Amino acid sequence: MPTTHASAVRDLVEEHLNEVLADLDLLVSLETPSRRRDLLVAALPQIEAYLVRRLGEPTRRVQHDGGDLGDVLDLTWAGTDEGQVLSLAHYDTVWPEGTLASWPLTRDGDVLTGPGVLDMKVGVVQTVWMLLALRELGVPHPDLRLLLTADEEVGSRVGRPHLEQAAREALVTLITEPSAGGAVKTRRKGMVFADLTVHGVEAHAGLDPDAGASAVHELATLVPRLVELADRERQTTVNVGTISGGSGRNVVAGRATCEVDVRIQDPAEEERIVRALEALEATDHRCRLEVVVDRNRPPMNPTADTDRLLALVRAAGADLGVEVGDQPVGGASDGNFVAALGLPVLDGLGGIGAGPHARHEHILVSGLARQTALMAGVVEQLTQA
Ligand SMILES: [Zn+2]
């Protein structure tokens, strides 16, 4: 006897594959770059109309103003059992307006490519079909709450308090961020960003070199000090991603900047890194160093619930005849915030594919039913506990 209805959900999604693909086409056709409030505000009612058309009117609806970014939409559909499960997704993408003109959603066999299809519009579609399948099959399930945020790709300043609150109220938070080749993600690195600006003193490089203090030279001495902050053993990496400065070959540079990306797995490393960054000083006292540190996301590490949740997703996988792995990744998601609160979260339940944030971004059509079924299998087991 299978422990879940996962295989029946998979069959149902396969039967409705054309509708599932049409749903994806609809969502991908809405261009939603993170920093374009105008486009996000225009897209959200269309996303909501789609959700209501498929799932009916939600029993609870809240929309939070995103200020200069997109709004957060918080919808709940009543289930048959107590409690609620949170599906957390973002509807912003990294793709600028106009990307679709040269890159519409295109299917070639099993590969479905398009901007934002993997990261993470497919996650919204999976959530919809999961609930439709549970209803259709008469499987008991808790309330489904879908929280759609609009600034995940730019740090979740707006989304964070809302998703943290929703996660506190949920039995479990399911995150339909891309799967790692069918595996879930229970370990993600955290990120600390730093922007360094050196203010030097400009001067003519030939006539008056001693009057100047080069911001470029100063920044060049800072870069190795930044790189040294890495700690392989603790899985802390440092990348100085961009560097720029100066105004001309013959000018002692008055200004230089760099952008730094630090990834951490060990939560204790965050403090060490932030303290070290804030303690940086220019070696040439005529230069002034400005450091802006952004504790972007804490690391995600397994919580007390992780083994239990892995067991649920593996039970659903067993009913599908697949083994579900657990893959640590360097990239962060909103799951980092949930895990850092010690709350139950299962991340990486979304599309199987490759190339998020890259021009070859795609999902495998064959993964749609599998991933939806895994989600459904997890959700139905929450009511059996
Ligand atoms: Zn994403």
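These numbers come from a predicted model, not from an experiment.

This part takes up the coordination of the zinc ion. The protein atoms that coordinate the zinc ion are His 90 (NE2), Asp 119 (OD), Glu 177 (OE) and Glu 177 (OE), at distances of 1.8 to 2.5 Å. We note that the donor set of the zinc ion lies within a single chain, spaced as H-x28-D-x57-E. On the criterion of sequence distance, the pair formed by His 90 in strand β3 (residues 84–90) and Asp 119 in helix α5 (residues 117–136) is long-range, its members being 29 residues apart. With respect to burial, His 90 and Asp 119 carry one shared label: buried.

Enumeration according to the criterion identifies zero disulfides in this entry. Cys 258 takes part in no disulfide bond, and the closest cysteine sulfur, belonging to Cys 287, lies 14 Å away. What makes Cys 258 buried here is its relative accessible area of 2%.

Moving on, we come to empty space enclosed by the protein. Taken as a whole and assessed by the stated rule, the structure comprises three cavities of 30 Å³ or more. By volume, the largest cavity is sized at about 50 Å³. Residues that form the lining of the largest cavity fall into these classes: six nonpolar, two polar and two charged. Its boundaries defined by the atoms lining it, the second largest cavity holds a volume of some 30 Å³. Residue lining of the second largest cavity: Thr 186, Met 300, Asn 301, Pro 302, Thr 303, Thr 306, Ala 339, Leu 343 and Val 345, and that is the complete set. For the lining of the second largest cavity, the residue count by class is five nonpolar, four polar and no charged.

Hydrogen bonding along the main chain pairs the strands of a sheet, whether they run parallel or antiparallel. The strand order across the open sheet built from four strands is β4-β5-β16-β15, with neighbouring strands paired in antiparallel fashion. In this open sheet, the two strands that pair with only one neighbour each are β4 (106–108) and β15 (353–354). Where strand β5 (residues 111–113) meets strand β16 (residues 362–364), three bridges bridge the pair, whose relative direction is antiparallel. Residue pairing in the sheet places Leu 112 in a bridge with Ile 363 of β16. Along the sheet, helix α11 (residues 365–382) contacts β4, β5 and β16; its crossing angle with β16, the most-contacted strand, is approximately 70°.

Next up on the list: the domain arrangement of the chain. The domain architecture assigned to the chain consists of domain 1 (6–188 + 300–382) and domain 2 (190–297). Taking only C-alpha atoms, the centre of domain 1 and the centre of domain 2 are 37 Å apart. If you look at the interface, domain 1 gives 14 residues, while domain 2 gives seven residues. When domain 1 packs against domain 2, the two sides together hide about 720 Å² of surface, and 40% of this comes from carbon and sulfur. Between domain 1 and domain 2 we count two salt bridges in total. Where Arg 297 meets Asp 334, a salt bridge forms, and the shortest distance between an N and an O atom there is 3.2 Å.

Scoring rules and cut-offs
Residues numbered from 1 in each chain as written. Predicted model: local features only at pLDDT ≥ 70, side-chain atom pairs only at ≥ 80, totals over all residues. Heavy atoms only, no water. Donors = N, O, S within 2.8 Å, 3.2 Å for Na, K, Ca; no water. Helix = DSSP H or I, 4+ residues; strand = E, 2+ residues; numbered from the N terminus. Buried < 20%, exposed > 50% of the residue type's maximum accessible area, 1.4 Å probe, protein only. Disulfide = S-S within 2.5 Å. 1 Å grid on protein atoms, 1.4 Å probe; cavity = no way out; pocket = protein on both sides within 12 Å on 5 of 7 lines; lining within 4 Å. Points joined across faces, edges and corners; volume = space filled by probe spheres on them. Nonpolar A, V, L, I, M, F, W, Y, C, P; charged D, E, K, R; others polar. Pairing = 2+ DSSP bridges. Contact = heavy atoms within 4.5 Å. Axes fitted to C-alpha atoms, helices over the stretch in contact; angles between N-to-C directions. Domains from an automatic or database assignment. Buried area = accessible area lost by both parts, 1.4 Å probe. Salt bridge = Lys/Arg side-chain N within 4 Å of Asp/Glu carboxyl O.

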